[in-house]
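A structural walkthrough
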Amino acid sequence: MLKRLWWKAVVGRHAPQWTTVAPEKTVLAVVHNVTAATRLLDVLPLVADDHRVRVVWTCTGSSPFSPGTEEWLREHGMDVIPWRQALRTRFDAAISASYGGKLHAIKAPLVVVPHGMGYNKYSPGNRKSEIGNRKSVFGLSVRWLFRWGRLIPSLIVLSHHEQLDRLRAASPTAADIAVVAGDPCFDRMLAGLPLRETYRAAFGAAPGQRLVLISSTWGKDSLYGQNPDLPRLLAHGLPQDEYKFVIALHPNVWTAHQSWQVERWLARSGVALVPPEDGWRAAAIAADLVIGDHGSVPFYAAALGTPLLLATKQHDQVDPASPVGLLNAAAPLLDLDRDLLEQVAPIPRTITDLTTSIPGDSAKLLRTAIYAIMNLGEPATPAEHRAVPIPTVTTRKEAQLVRATLTDSTVDITRWTAELLRDNAAPPDTHLLSGTDESKHNWLELAEVLVHEQVGAPESWIETTLKALPGCLIAAMPTTSGWLIGDRDGNRARCVGEDGRAIASALYAWTMTGRPWSDLPSPLTVNTGPISSLWTVEPG
C-alpha cells in the first residue's frame, strides 16, 4: 500500500499535489539489467541535473539477468516504478540501453543508446536477416527495431558512422532516425586519463609494477567460461612485485553465479576483483596490459592505447565486419609459454578508431538530441561528462614464497604467491612468509617468517609467537616509528622503512648466513622488483 502511494507521488495525474518540485518534463529510464543501468548513468546526468526534468526508473524484467537490478538501483538512490505502471503512464521521453521487453508499448518517444562498444554480436539464435545470408546483428536488424512493421525507437544513438552504414544496409528506414553522437562511456574514460596514477594506486599497483587487467565477458565462449583457471595460471606464474593482476568479469557473470560464489572461485587465484558495475573502466585506464576476449572492455582498452592479448577468439557470435570482429582477427593470441609483453603487437588505428567518430563530444551531441526529443530548451551551461570514478578495490595480503638474495649491504627480494605450494611448484631457495591474518592454519605453522601488520606490544608478541610456532624463525611487528623484528635466539632489530614484509625476509636471509645481528649493515638496501628502498637497521 505504501509503495502504491509512492508511485502516485511520482507519476500520474495526482503527482503534482505530492511533489515539491514541479518539473516540466518527465523521462522514463528503462533498465534491462545492471549492465544497461550503468550505461544509462553515462547519459542521464546530462538531463537529470536540470530541475526542469524528472527521471523515473523502471525495469522491464525481460532480461535473464534482471534479478538484483531493482535492488542495485535502490542501493544507488534510484527507486523504481513497476513496469506495468510505466506502460500505462505517458512520459515526455524514454531512454533505454538495450532492446527486449515491450518497448513498443511505452507511451513516449524512445531513445535507444548502445550498452556496449557499438553493435558487434549476432542476434541470439543467429537468425538470418533479410540481407542475403548475413546473420542479423543485435541492435542493427529489423528483428529488434520494428514491431508490426513500425519502428520501436524514435531515435537510435550510434557512436560511429560505420554503425550507421551497417544499419542502413539492414534497414534504410531505421537509418533515417539514427544519429551519430559519439560514445559517452569512452568519453568518460578519456576524461579520466589524467587520473591514471590515481586509478593505479586504487588497485594497489606500485610504481614500476606492471598492472595486468584480465577481462571476461559472459557466456561459455568467454575467457572465464573457456578457462576459469586462467587467472590463477597467470598470477601464480610471475613475481608479485613485478606484476599485479586484477580481473573484471561482466556483471552478468556475477548475476548468474552470485557474488559469493564468484568470490570463492577466485579467492586463491592471486588476482584482485574489480567491482563488477563500474571499476573496469578505471582498470582499463590504469593497466599496462589487458588480456581479454570478444567483450567490449578489451576494445576500449586498445582504443586507449593499452597493449592487448586475447585469451580466446570468438567466431560464431561476433560479426567479423564489426569493430570487435576486426579486433578479434588482428589482436595476438595469448601464449602461456612466452613472456607476456613479448607477445604484444600494435593494433591498427583503423580498427581502434571505430570506437567513436566524435571523441570527446558525446555529451554535447547527446544532450542536444534528448532535449529536442523532449521539446525543451537546453540549459545554458555546457554539457560535460565526468571522469570515471575512483574504484574501491578490496585487496588482502596473502602468504608468499620469498627468495631473498643477500650481497654485502643489499638484499634482492623476489616474491610469489604461496599458492604455488599447493601445486608443488615452489621456486627454489624460497621461504614461506605469512601474515597473522592468514586463514590457512597449516601455513601459519609452516611459515619461517611471520608478520603482524598492526601496531601493538612488539617485544612480548615476538617472544610469545615464536614460542607458539616452533617452525617460525623470524617474527615482525610494526611500531609507531618503524618495525621491530626478532628471531628465536633473542636477537632484535629496530628497522625504519616502508615494506615490513620485505625487511623481515631480508633479516631472514641474514640469519641464514650465520652472521651475528650485531654486524647487520645500516643502511640496508632492499630491492623488491622495480622498487629499491633504504632501511635503517639498529640491532639490539
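Computed from a predicted model, the values in this text were never measured in an experiment.

Here we look at the sheet that holds strand E8 (residues 155-158)
- In spatial order, the strands read E3-E2-E1-E4-E5-E8-E9; together these 7 strands make up an open sheet with parallel pairing. One side of each edge strand has no neighbouring strand; the edge strands of this open sheet are strand E3 (80-81) and strand E9 (178-180).
- The pairing of strand E2 (residues 53-59) with E3 spans 2 bridges and is parallel. Paired with Thr58 across the strands is Ile81, a residue of E3.

What about the environment of Gly500?
- When you line up the elements, Gly500 lands in helix H22 (residues 500-513).
- By relative accessible area, which is 3% here, Gly500 ends up buried.
- Gly500 sits 419 residues away from Ile81 along the chain, and the two C-alpha atoms are 53 Å apart.
- Gly500 has contacts with Trp483 and Trp535, leaving out every residue within four places of it along the chain.

What to know about the packing of helix H16 (residues 296-303) against helix H17 (residues 323-330)
- Two elements in contact, H16 and H17, have axes whose closest approach is 10 Å; the angle formed by their N-to-C orientations is 75 degrees. Here H16 lies roughly perpendicular to H17, going by the angle between them. Touching Pro298, Phe299 and Ala302 of H16 are Pro323, Val324 and Leu327, all from H17.
- Considering only residue class, the contact of H16 with H17 consists of 6 nonpolar, no polar and no charged.

Side note on helix H9 (residues 184-192)
- Of all 9 residues making up H9, 7 are buried, and the element is well covered by its neighbours.
- Looking at H9, one finds that the buried residues are Pro184, Cys185, Phe186, Asp187, Arg188, Met189 and Gly192.
- Elements that come into contact with the buried residues of H9 comprise helix H2 (34-43), helix H10 (196-202), helix H15 (279-286), H16 and helix H19 (362-374).

Description of the pairing of strand E4 (residues 93-96)
- Here E4 shows a buried face lined by Ala93 and Ile95 and a second buried face lined by Ala94 and Ser96.
- Where E4 and strand E5 (residues 110-112) come together, 3 bridges link them in parallel fashion. Within the sheet, the bridge partner assigned to Ile95 lies in E5 and is Val111.

Description of the packing of aromatic side chains
- Under the counting rule described, the total for this entry stands at 6 aromatic pairs.
- Considering the side-chain rings of Phe65 and Trp218, the 5.0 Å spacing of their centres and the 65 degrees angle between planes classify their relative orientation as edge-to-face. In this pair, Phe65 sits in the loop between E2 and helix H4 (69-75) while Trp218 sits in the loop between strand E10 (210-216) and helix H11 (223-226), placing the two residues 153 residues apart along the sequence.
- You can call Phe65 buried: its relative accessible area is 13%.
- Arranged with centres 6.2 Å apart and planes meeting at 80 degrees, the rings of Tyr99 and Phe138 form a pair that is edge-to-face. A residue pair is termed long-range when its members are at least 10 positions apart, and Tyr99 in the loop between E4 and E5 and Phe138 in the loop between E5 and helix H6 (142-145) qualify at 39 residues. The same class applies to Tyr99 as to Phe138, namely buried.
- One aromatic cluster is present, built from ring pairs that chain together Tyr99, Phe138 and Trp144.
- The ring centre of Trp510 lies 4.3 Å from the NZ or CZ of Arg515, which sits over that ring.

Here we look at the nonpolar core
- Within the largest apolar cluster, 38 residues are counted, with the highest numbers of intra-cluster contacts made by Met189, Phe203, Leu213 and Leu327.
- For this core, the secondary structure elements donating two or more residues are H9, E10, strand E11 (243-249), H15, H16, strand E14 (308-310) and H17.
- Here the element with the most residues in this core is H15; it accounts for 6 residues.
- In this structure, Val11, Tyr99, Leu158 and Leu167 belong to the second largest nonpolar core, which totals 34 residues.

A closer look at the sheet that holds strand E12 (residues 272-273)
- With parallel pairing, 5 strands are arranged side by side in an open sheet as E12-E11-E10-E13-E14. At either end of the open sheet lies a strand with only one pairing partner, and these are E12 and E14.
- Here E10 pairs with E11 via 7 bridges, running parallel. Bridge pairing in E11 places Ile214 opposite Ile247.

Observations concerning the confidence of the model for the chain
- With 96% of its residues at a pLDDT of at least 70, the chain reaches an overall mean of 92.
- Across residues 126-133, where pLDDT falls below 50, the model places 14 contacts with residues more than four positions away in sequence or in other chains.

Re the environment of Trp218
- A relative accessible area of 37% places Trp218 in the partly exposed class.
- The spatial distance from the C-alpha of Trp218 to the C-alpha of Lys397 is 29 Å, given a sequence separation of 179 residues.
- Residues in contact with Trp218, not counting those within four places in the same chain, are Phe65, Lys121, His250, Asn252 and Val253.

What to know about unusual backbone geometry
- For the peptide bond that leads from Ser522 to Pro523, omega is 5 degrees, which places it in the cis range.
- Along the polypeptide, Pro523 turns up in the loop between H22 and strand E22 (524-528).
- With a phi angle near 75 degrees, Gln258 is a residue other than glycine that sits in the positive phi range.
- Tracing the sequence through the fold places Gln258 in the loop between helix H13 (251-257) and helix H14 (259-266).
- Residue Gln258 is classed as exposed on the basis of its relative accessible area, which comes to 55%.
- Positive phi, normally seen in glycine, also occurs at Asp429, with a value near 60 degrees.
- Locating Asp429 in the fold gives a position in the loop between strand E16 (410-417) and strand E17 (431-435).

Description of the pattern of salt bridges
- Within this structure, the stated rule accounts for 27 salt bridges.
- Across the pair Asp319 and Arg166 runs a salt bridge whose closest N-O atoms are separated by 3.7 Å. A residue pair is termed long-range when its members are at least 10 positions apart, and Asp319 in the loop between E14 and H17 and Arg166 in helix H7 (residues 161-170) qualify at 153 residues. By the burial criterion, Asp319 is buried, and Arg166 matches it.
- Two residues, Asp221 and Lys220, come together in a salt bridge whose shortest N-O distance is 3.6 Å.
- Three or more residues joined by partner-sharing salt bridges are found here, namely Asp42, Arg188, Asp278 and Arg281.

Quick notes on the rules
Residues numbered from 1 in each chain as written. Predicted model: local features only at pLDDT ≥ 70, side-chain atom pairs only at ≥ 80, totals over all residues. Heavy atoms only, no water. Pairing = 2+ DSSP bridges. Helix = DSSP H or I, 4+ residues; strand = E, 2+ residues; numbered from the N terminus. Buried < 20%, exposed > 50% of the residue type's maximum accessible area, 1.4 Å probe, protein only. Contact = heavy atoms within 4.5 Å. Axes fitted to C-alpha atoms, helices over the stretch in contact; angles between N-to-C directions. Parallel < 35°, antiparallel > 145°, perpendicular 65-115°, else oblique. Nonpolar A, V, L, I, M, F, W, Y, C, P; charged D, E, K, R; others polar. Phe/Tyr/Trp six-rings, centres within 6.5 Å; stacked < 30°, edge-to-face > 60°. Lys NZ or Arg CZ within 6 Å of the ring centre and 35° of its normal. Core = buried A, V, L, I, M, F, W, Y, C linked by side-chain atoms within 4.5 Å. pLDDT = per-residue confidence, 0-100. Salt bridge = Lys/Arg side-chain N within 4 Å of Asp/Glu carboxyl O.

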